[in-house]
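Architecture and fold: a report
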Amino acid sequence: MDSRIVIIGGVAGGMSAATRARRLNEQAEIIVLEKSGHISFANCGLPYYIGGQIKGEQNLLLTTPERVRERFCIDARVHHEVTRIDAERHCVEGTNHQTGEAFSLAYDKLILAPGASPIVPNLAGIDGENVFVLRNVEDTQKLYGYIAARKPTRAVVVGAGFIGLEMVEALRALDIAVTVLEKAPHVLPALDSEMSGWLEAELGRHAVELRTGVGLAALEADNGRVHAVITEAGERIETELVLLSMGVRPNLELAQMAGISIGKAGGIAADEFRRTSAPDIYAVGDAAEVVHRVNGAAARIPLAGAANRHGRAAGEHAATGNARPSAAVLGTAVVRVFGLDVAVTGLSRRAAVAAGFDVDTAIVHPNDHAGYYPGAQTMHLTLIYDKSTRKVLGAQAIGPAGVDKRVDVIATLLHFGGTVDDLANLDLCYAPQFSSAKDPVHFAAFVAQNQLDGVTPGADEAPTTNTERPAPQLLDVRTANEVCRGTLDGAIHIPLDELRLRLDELDRTRPIVVFCQVGVRGHAAARILASHGFSDVRNLKGGYTQAAARRVALVSR
Ligand SMILES: Cc1cc2nc3c(=O)[nH]c(=O)nc-3n(C[C@H](O)[C@H](O)[C@H](O)COP(=O)(O)OP(=O)(O)OC[C@H]3O[C@@H](n4cnc5c(N)ncnc54)[C@H](O)[C@@H]3O)c2cc1C
């Protein structure tokens, strides 16, 4: 096939498409049109350049137009913005911003990979010289240059999603005091609320001021520079720098003008070969929508993995007329925030409930590797599953080490539609430096099985006196030393090792919610009680550790 393939957008999706197309078709003419000054830059590395971990701007560029011409015979034209697609005549039009000249280019196949743009609210002062977004190298140069020249000491980050949190860390690394505004009730809205407390505590440990459940209302600016932000709660926060990380909106304008269908989730609709509604036009990456693998719904998941894989599929199809269908997407993601890594895959508990699943969770706090081997660290892992089908729906994990591996294992299980029983049976590698013979994902699956099979039902929250009738007894089975460091209001204390001898201190007519530090001894206690005829015994999910984190999160808000 010696056709011409034109690609709009020369980064993750676009360049994956271009190089795959070339590898499979030496004859095709491949032209990439990129409106910025760079192709194949490392979006994901931008915060680390600002924070100083990545030195040298050239290290953000994975390749250049010259190199892709040499190696792949791909004609990558930077500063070329496409402004119109004529789907009927099979041509694109645009402007070369370096020369100011208009161009028009015919195509046989067109791949849309224009990405997404940061959301910028329409507020007075928003165009101030110290208000920034972070999407590309130019944005990064602007922010980097401002910090170098003005040496700001205070910043406000609006939006505590993945990019916002990475930027918080980058700004703190430069010794800039940071306040974060997040409109959602907790940071990293992709997480469920029971997991976010750990992250909020970590931000607090690094002197980050948090304002959650509150958005940006206004900016106070003078002479083109913002000097304070006003929150929706009316708080005035002085600042020398504002970073907007409020999410992204897909770049749809070209597709819409060309009459290409936009899907239910608000991205360019595309099939499993990434073909859009217009003949010979494909769409990939942040501008396009995908199918969510867990619930089969249309979704927008602006992450690099799918952009790259779908770009590859579109490039292959455009170059050869065939490709393997690209799979639905799970939204597996990971971010490091100071000393904690946070990873998610599949549906959150909230999303699973909204999607109509019969949801339950298992919460565990295992070590990343065997406790007897030096350096073991605790992680917090939530497994989300469906009670009727026993299928795993998602997972979320936080910890200083090992969470990426566990979430990737569960992502693999999700890809194949596995159940908690499949997860419990996975044969995973083990030596004490790496894991325990029962890996954290096994523990989560065992807890889920115990809950599902009625061996030890879980309790989501510690009961308060007015939540249930008859009011449950709250039983703390930890040691006296642990209780000294804190317990839950109204808890009766009977250490696990004394429980069999002190059963008559408990009221058999009332339900019991038992807890220990993380849930393991609570499970043993619940089994003892059940075996001695107590009929309604539940184990507090994640134990005191989880309850205390929830309390920290509530206090920090
Ligand atoms: C700071 C930052 C950190 C990130 N970190 C991660 C991470 O750690 N993990 C992860 O999975 N994802 C991360 N992402 C998201 C990831 O980078 C995106 O999902 C991915 O780049 C999307 O690929 P894309 O090809 O759709 O869009 P992009 O990579 O954004 O490329 C689109 C390109 O199209 C160009 N373009 C747009 N319109 C036109 C036009 N009309 N004419 C010509 N060119 C046009 C744009 O200039 C842009 O360069 C991060 C993103 C950012 C900004």
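Look up a bit, the structure's there.
Residues numbered from 1 in each chain as written. Predicted model: local features only at pLDDT ≥ 70, side-chain atom pairs only at ≥ 80, totals over all residues. Heavy atoms only, no water.

Counting 40 residues, the largest nonpolar core has Leu143 and Leu203 as its most contacted members. Within the residue set of this core, elements represented by two or more residues are helix 2 (46-50), helix 4 (137-150), strand 10 (154-158), helix 5 (162-173), strand 11 (177-182), helix 6 (193-205), strand 21 (333-337) and strand 22 (340-346). With five residues, the single largest contributor to this core is helix 5. When residues no more than four places from it in sequence are discounted, the contact partners of leucine 143 are Ile50, Phe132, Leu134, Met167, Leu241 and Leu243. (Core = buried A, V, L, I, M, F, W, Y, C linked by side-chain atoms within 4.5 Å. Buried < 20%, exposed > 50% of the residue type's maximum accessible area, 1.4 Å probe, protein only. Helix = DSSP H or I, 4+ residues; strand = E, 2+ residues; numbered from the N terminus. Contact = heavy atoms within 4.5 Å.)

Our focus in this paragraph is the pairing of strand 2 (residues 29-34). Of all the six residues making up strand 2, five are buried; the element is thus mostly covered by neighbouring parts of the structure. In terms of strand pairing, strand 1 (residues 4-8) meets strand 2 through five bridges, oriented parallel. Directly across from isoleucine 7, in strand 2, lies its bridge partner valine 32. Regarding topology, helix 1 (residues 12-24) serves as the crossover connection from strand 1 to the parallel strand 2, and that connection is right-handed. (Pairing = 2+ DSSP bridges. Right-handed = clockwise from strand over helix to strand, strands pointing away.)

With that settled, consider empty space enclosed by the protein. Where empty space is left can be seen by rolling a probe of water-molecule size over the atoms. Under the criterion given, the structure shown has one cavity of 30 Å³ or more. When its volume is computed, the largest cavity comes out at roughly 50 Å³. Arg274, Val284, Gly285, Ala288, Val290, Ile301, Leu303, Ala306, Ala307 and His310 together form the lining of the largest cavity. Sorting elements by how many residues they give to the lining of the largest cavity places helix 8 (residues 304-320) first, with three residues. The residue makeup of the lining of the largest cavity, split by class, is seven nonpolar, two polar and one charged. (1 Å grid on protein atoms, 1.4 Å probe; cavity = no way out; pocket = protein on both sides within 12 Å on 5 of 7 lines; lining within 4 Å. Points joined across faces, edges and corners; volume = space filled by probe spheres on them. Nonpolar A, V, L, I, M, F, W, Y, C, P; charged D, E, K, R; others polar.)

Assignment of secondary structure puts arginine 67 in helix 3 (residues 65-72). Among all residues touching arginine 67, those that are not within four sequence positions of it are Leu62 and Phe72.

With that settled, the discussion passes to the packing of aromatic side chains. Both the distance between ring centres and the angle between the ring planes are used here to describe each pair of aromatic rings. Under the criterion given, the structure shown has four aromatic pairs. Ring geometry for phenylalanine 132 against tyrosine 146: centres 5.3 Å apart, planes inclined by 55°, an arrangement best described as tilted. Residue phenylalanine 132 is located in strand 9 (residues 131-132), and its partner tyrosine 146 is located in helix 4; the two are separated by 14 residues in the primary sequence. By relative accessible area, which is 3% here, phenylalanine 132 ends up buried. With relative accessibility at 8%, the residue tyrosine 146 sits in the buried group. Plain terms: the ring middles of phenylalanine 515 and tyrosine 544 are 6.4 Å apart, the flat faces sit at 25° to each other, and that makes the pair stacked. Placement of the pair is phenylalanine 515 in strand 29 (residues 512-515) and tyrosine 544 in helix 15 (residues 543-556), with a sequence separation of 29 residues. Like phenylalanine 515, the residue tyrosine 544 is buried in the burial classification. The residue whose ring lies beneath arginine 478 is tyrosine 544, and the NZ or CZ to ring-centre distance is 4.3 Å. One cation-aromatic arrangement involves arginine 508 over phenylalanine 534; the distance from NZ or CZ to the ring centre is 4.2 Å. (Phe/Tyr/Trp six-rings, centres within 6.5 Å; stacked < 30°, edge-to-face > 60°. Lys NZ or Arg CZ within 6 Å of the ring centre and 35° of its normal.)

Turning our eyes to something else, we now look at the pattern of salt bridges. With the rule as written, the count across this model stands at 35 salt bridges. In this structure, glutamate 232 and lysine 183 form a salt bridge, with 2.7 Å as the shortest nitrogen-oxygen distance. Residue glutamate 232 is located in the loop between strand 14 (225-231) and strand 15 (236-238), and its partner lysine 183 is located in the loop between strand 11 and helix 6; the two are separated by 49 residues in the primary sequence. Glutamate 232 gets classed as partly exposed once you look at its relative accessible area, which sits at 43%. With relative accessibility at 54%, the residue lysine 183 sits in the exposed group. (Salt bridge = Lys/Arg side-chain N within 4 Å of Asp/Glu carboxyl O.)

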